Amino acid sequence: MALIKTLEDIKEIKKANQIIARLYTDILPKYIKPGISTFEIDKIVDDYIRSQGAIPGCIGVPGIYEPFPAATCISVNEEVVHGIPNGRILQDGDIVSIDTVTILNGYYGDSARTYAVGNIDDEAKKLLEVTEKSRTIGIENAIVGNRLGDIGHAIQQYVEKNGFSVVRDYAGHGVGHKMHEDPMVPNFGRSGRGFKIQEGMVLAIEPMVNVGTYKLNMKDDGWTVVTKDGKRSAHFEHSIAIVDGKAIILSELD
Ligand code: MF3
Ligand code: CO
């Protein structure tokens, strides 16, 4: 069953994810500064992925009006996910979410993170910290003996305790042989509910956290998802594997 991966599969999925890890840790921080356009960031991502012998997984994904046209999703401030890279120039104080899928030897990696552009205000700092920490808490709950609802519940509790909201309309997912596989991994819910977490599962844990309402709108391009109230949103995603009963993070730099 595709839901459960072998250790060999997990090794390969990790390689696909390590490309994104290097990109996010070693390469992008040098470029994500006021004055760069999101299109230029996309070009850096695309070039790096291909230089590693991999393929960007987002290009050509079918959408409402048109296939996704770029290597990576870049979402600024009130944009939540699936932003299309364009000529927008990043300004001091912006936050920018980068969500990248790689395909290496047929295996998929998927990871996202939100960066500060220059100096950001205290609310944005807190948003980034809380969102990243909520991902950690979700991952800590991805253990054999728990159910998927325990992950979502833990993420939601932590986020709401900190005064923010968690997006309902998009969720984490199984990943590895395809970009999106079963099971769906919501970032909210009730503990003790949902699928049992099992040895060999590979999951993308990806809370999207909003400053204001969790409700969303879609822009006219059919891709870019924004918050309904125009307040800011952040997104942190890791691909993990359940090995020896607990999560190992595949998309964290080795
Ligand atoms: N990691 C994103 C997701 O799970 C990647 C989307 S690629 C896109 O939704 F092309 F569909 F935008
Ligand atoms: Co994902």
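Scroll up a little and you will see the structure.
Reference entry: report on the structure contained in this document. All values reported here derive from a predicted model rather than from experimental measurement. (Residues numbered from 1 in each chain as written. Chains lettered and ligands numbered in written order. Predicted model: local features only at pLDDT ≥ 70, side-chain atom pairs only at ≥ 80, totals over all residues. Heavy atoms only, no water.)

1. Things to note about the pairing of strand β5 (residues 107–116)
For a regular strand, side-chain orientation follows a simple rule: the groups alternate between the two sheet faces.
Item 1. Most of β5 sits out of view: eight of its 10 residues are buried.
Item 2. The sheet contact formed by strand β4 (residues 95–104) and β5 spans 10 bridges and is antiparallel. If you follow Val96 over to β5, its bridge partner there is Tyr115.
Item 3. Linking two consecutive strands that pair antiparallel, namely β4 and β5, is a turn of two residues; a positive phi of about 50° is found at Asn105 within it. (Buried < 20%, exposed > 50% of the residue type's maximum accessible area, 1.4 Å probe, protein only. Helix = DSSP H or I, 4+ residues; strand = E, 2+ residues; numbered from the N terminus. Pairing = 2+ DSSP bridges.)

2. Looking at the site of ligand 1
Item 1. In the vicinity of ligand 1 lie 14 residues, with Cys58, His82, Asp99, Asp110 and His180 positioned nearest.
Item 2. At 3.0 Å from a nitrogen atom of ligand 1 is found a side-chain nitrogen or oxygen belonging to Asp110.
Item 3. At 2.6 Å, a side-chain N or O of His180 approaches an oxygen atom of ligand 1.
Item 4. One can see that ligand 1 is located within the largest pocket. (Near = heavy atom within 4 Å. Polar contact = N/O pair within 3.5 Å; in protein donor to acceptor, adjacent residues only side chain to side chain. 1 Å grid on protein atoms, 1.4 Å probe; cavity = no way out; pocket = protein on both sides within 12 Å on 5 of 7 lines; lining within 4 Å. Sits in = over half its atoms within 2 Å of the grid points.)

3. Regarding the coordination of the cobalt ion (ligand 2)
Item 1. Only Asp110 (OD), His173 (NE2), Glu206 (OE) and Glu237 (OE) from the protein coordinate the cobalt ion (ligand 2), and they sit 2.1 to 2.4 Å from it.
Item 2. Seen from the cobalt ion (ligand 2), its four donor atoms lie at angles of 80 to 162°, and the figure they make is irregular.
Item 3. Of note, the cobalt ion (ligand 2) draws all its donor residues from one chain, in the sequence arrangement D-x62-H-x32-E-x30-E. In this pair, His173 is assigned in strand β7 (residues 172–174) and Glu237 in the loop between β13 (233–235) and β14 (238–243), connecting sequence segments 64 residues apart.
Item 4. For His173, a relative accessible area of 4% gives the class buried. (Donors = N, O, S within 2.8 Å, 3.2 Å for Na, K, Ca; no water. Tetrahedral: all angles 85-135°; square planar, octahedral: opposite > 155°, others 65-115°.)

4. With respect to the pairing of β4
Item 1. Burial within β4 is extensive, with 10 of its 10 residues counted as buried.
Item 2. With burial as the criterion, each face of β4 is covered, one bearing Ile95, Ser97, Asp99, Val101 and Ile103 and the other bearing Val96, Ile98, Thr100, Thr102 and Leu104.
Item 3. Direction of pairing for strand β1 (residues 55–56) relative to β4: antiparallel, over a ladder of two bridges. Paired with Ile55 across the two strands is Ile103, which belongs to β4.
Item 4. Strand direction decides the pairing type here: strand β2 (residues 72–76) and β4, joined by five bridges, are antiparallel. Considered in β4, the bridge of Val76 is made with Val96.

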